[in-house]
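# What the coordinates show
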Amino acid sequence: MELISENSAFGGRHCRYRHQGQSTQCEMTFAVFLPPFASEDNPVPVLYWLSGLTCTDENFMQKAGALKMASKLGLAIVAPDTSPRGADVPDDPDNAYDFGQGAGFYVNATQAPWSQHYKMYDYVTEELPALIEAHFPVTGDKAISGHSMGGHGALVIGLRNPQDYVSVSAFSPIANPSDCPWGQKALSGYLGEDSQQWAQYDAAHLLAEKQHYIPLLVEQGRADEFLAQQLKPKALVAAAQKSDTPLTLNMHEGYDHSYYFIASFIDEHLQFHASHLGLAVVEA
């Protein structure tokens, strides 16, 4: 790993690294926040944060206002990039924001030319946690969260791997990608036209097919410009009711899709995860 930058924040350390990704076969970047007193003698649990379309590892760390509460809780945060990148990595030929670089959708692509590099599911679930646990003072206890495309990724990864994550949360997630323009474009491009292959990356489908016991928390703004066409949180509610799975969905008047929304409720999400990670919950 190569250290890109290091900054002090709320008594802890925020660092950015680059490394050669094995699953993505290209250089990858991630950020990690370590709270005060995290050490080999005092390892801390980790929240993995997955960002949305067009984002990098920097958006959440700089805009969400999460580091102060994470510092108080004694919680590490890891934020990967949202896709493979580089001159040799294919990108959308029309330079669209919702496919290709910056829009990996946290899937393992099976279609050429995307299948060589676009293995974000393996990167987030296997390669990155192994790297973090080998090089940083953290425990094996982890939770996962994300926003929009990253909320989709967090829900899918948590529902498919409940043995690996103690809790899952999402802000404005793409809840039913098989039934929205963003998701249909991404899933058909990365996985092909067989909708059965899409189901493994569709949170609403995964939630409906069987009962789940992992704690689930979703935050959604009613003034979100993507609410009706792209996000469809009602699909999550219907799926949870079908499988008799507990789901907390909080709808907020006046809030949109921006990081102002995330910053308004991120403390509650960090406390939610801390409670399931065995940390003492503190006041904001």
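Fair warning: this is a prediction, and the values are worked out from it, not measured in the lab. (Residues numbered from 1 in each chain as written. Predicted model: local features only at pLDDT ≥ 70, side-chain atom pairs only at ≥ 80, totals over all residues. Heavy atoms only, no water.)

## Quick word on the overall build of the chain
Keep this limit in mind: Helix numbers and strand numbers start at the N terminus; a helix is a DSSP run of H or I with at least 4 residues, a strand a run of E with at least 2. Each radius of gyration is computed over the set of C-alpha atoms, and the globule rule expresses the reference value as 2.2 Å times the number of residues to the power 0.38. Accessibility here uses a 1.4 Å probe with only protein chains present; expressed as a share of the type maximum, an area under 20% marks a residue as buried, one over 50% as exposed, and anything in between as partly exposed.
Assigned secondary structure in the chain consists of 10 helices and nine strands. Taken against the 2.2 N^0.38 rule, which gives 19 Å for 284 residues, the C-alpha radius of gyration of the chain at 18 Å falls within 12% of a compact globule. Oriented by its inertia axes, the alpha-carbon framework of the chain measures out at about 50 × 45 × 35 Å. Per-residue burial over the chain gives 59% buried out of 284 residues.

## Digging into helix 9 (residues 233-243)
For the record, the criterion: Each direction from the helix axis to a C-beta atom contributes to the arc, which is the arc of those directions. Note on contacts: a residue pair is in contact if any heavy atoms of the two residues lie within 4.5 Å.
Three or more residues of helix 9 are buried, namely Pro233, Ala235, Leu236, Ala239, Ala240 and Ser243. Taken end-on, helix 9 shows its buried residues confined to a sector of 145°, consistent with a single buried face. Away from its buried face, by an angle of more than 90 degrees, helix 9 presents the exposed residues Lys234, Gln241 and Lys242. Close packing links the buried residues of helix 9 with helix 4 (149-160), helix 7 (203-209), strand 8 (216-221), helix 8 (227-231) and strand 9 (248-252). Asp244 sits one or two residues past helix 9 and shows a positive phi near 60°.

## A closer look at the packing of aromatic side chains
We count it as follows: Aromatic contacts are taken between Phe, Tyr and Trp rings whose centres are within 6.5 Å, Trp giving its six-membered ring; a plane angle under 30 degrees counts as stacked, one over 60 as edge-to-face, and the others as tilted.
This model, assessed by the stated rule, comprises 16 aromatic pairs. Their ring planes at 20° and their centres at 4.1 Å tell us that Trp49 and Phe60 sit as a pair that is stacked. Highlighted residues: Trp49 in strand 4 (residues 44-50) and Phe60 in helix 1 (residues 58-63), separated in sequence by 11 residues. Take Trp49 and Phe60: they sit in the same class, and that class is buried. Three or more aromatic residues joined by ring pairs form one cluster here, namely Trp49, Phe60, Phe171, Tyr255, Phe261 and Phe265.

## As for the pattern of salt bridges
For clarity, the cut-off: Any carboxyl oxygen of Asp or Glu that lies within 4 Å of a side-chain nitrogen of Lys or Arg is treated as forming a salt bridge with it.
Applying the stated criterion across every chain, the model contains 11 salt bridges. Residue Glu27 pairs with Arg18 through a salt bridge whose shortest N-O separation is 3.6 Å. Assessed through its relative accessible area of 26%, Arg18 is described here as partly exposed. In this structure, Arg222 and Glu253 form a salt bridge, with 3.1 Å as the shortest nitrogen-oxygen distance. Of this pair, Arg222 sits in the loop between strand 8 and helix 8 while Glu253 sits in the loop between strand 9 and helix 10 (259-276), placing them 31 residues apart in sequence. Overall, the relative accessible area of 43% leaves Arg222 in the partly exposed class. For Glu253, a relative accessible area of 62% corresponds to the exposed category. Salt bridges sharing partners connect three or more residues here, namely Glu2, Arg18 and Glu27.

## Thoughts on the nonpolar core
Where we set the bar: Definition of nonpolar core: a set of buried residues of the types Ala, Val, Leu, Ile, Met, Phe, Trp, Tyr and Cys, connected through side-chain atoms within 4.5 Å.
If you look at the biggest cluster of nonpolar residues, it comprises 64 residues, and the most contacted ones within it are Phe30, Phe105, Ile144 and Tyr190. Per-element tally for this core: the top contributor is helix 3 (residues 120-135), with seven residues. Not counting residues up to four positions away in its chain, the partners in contact with Phe105 are Leu53, Thr82, Asp98, Met149, His152, Ile174, Trp182, Gly183, Ala186 and Tyr190. Listed in part, the 27 residues of the second largest apolar core include Ala31, Ile77, Tyr259 and Leu279.

## Structural notes on the side chain of Asp57
Condition: For the purposes of these results, a polar contact is taken to be a pair of N or O atoms within 3.5 Å, where, inside protein, one atom must be able to donate a hydrogen and its partner to accept one; residues adjacent in sequence count only when each atom of the pair is a side-chain atom.
Mapped onto the elements of the fold, Asp57 is located in the loop between strand 4 and helix 1. Judged by its relative accessible area of 2%, Asp57 is buried. Reaching out from Asp57, the side chain makes a polar contact with the side chain of Arg16 at a distance of 2.7 Å.

## A look at the environment of Leu159
Checked against the element boundaries, Leu159 lands in helix 4. Overall, the relative accessible area of 5% leaves Leu159 in the buried class. Other than its neighbours up to four places away in sequence, Leu159 contacts Ala203, Leu206, Leu207, His212, Ile214 and Leu216.

## With respect to the side chain of Asn161
Assignment of secondary structure puts Asn161 in the loop between helix 4 and strand 7 (168-171). Overall, the relative accessible area of 12% leaves Asn161 in the buried class. Among residues more than four places away in sequence, those in contact with Asn161 are Tyr121 and Thr125.

## Considerations on the pairing of strand 5 (residues 76-80)
The following threshold applies: Here a strand pair is declared whenever DSSP counts at least two bridges between the two strands.
By the criterion of burial, strand 5 is predominantly enclosed, with five of the five residues buried. Where burial is concerned, the two faces of strand 5 agree: the one with Ala76, Val78 and Pro80 and the one with Ile77 and Ala79 are both buried. Strand direction decides the pairing type here: strand 4 and strand 5, joined by three bridges, are parallel. Paired with Val46 across the bridge in strand 5 is Ala76.

Geometric descriptors of this kind do not, in isolation, establish any biological role.
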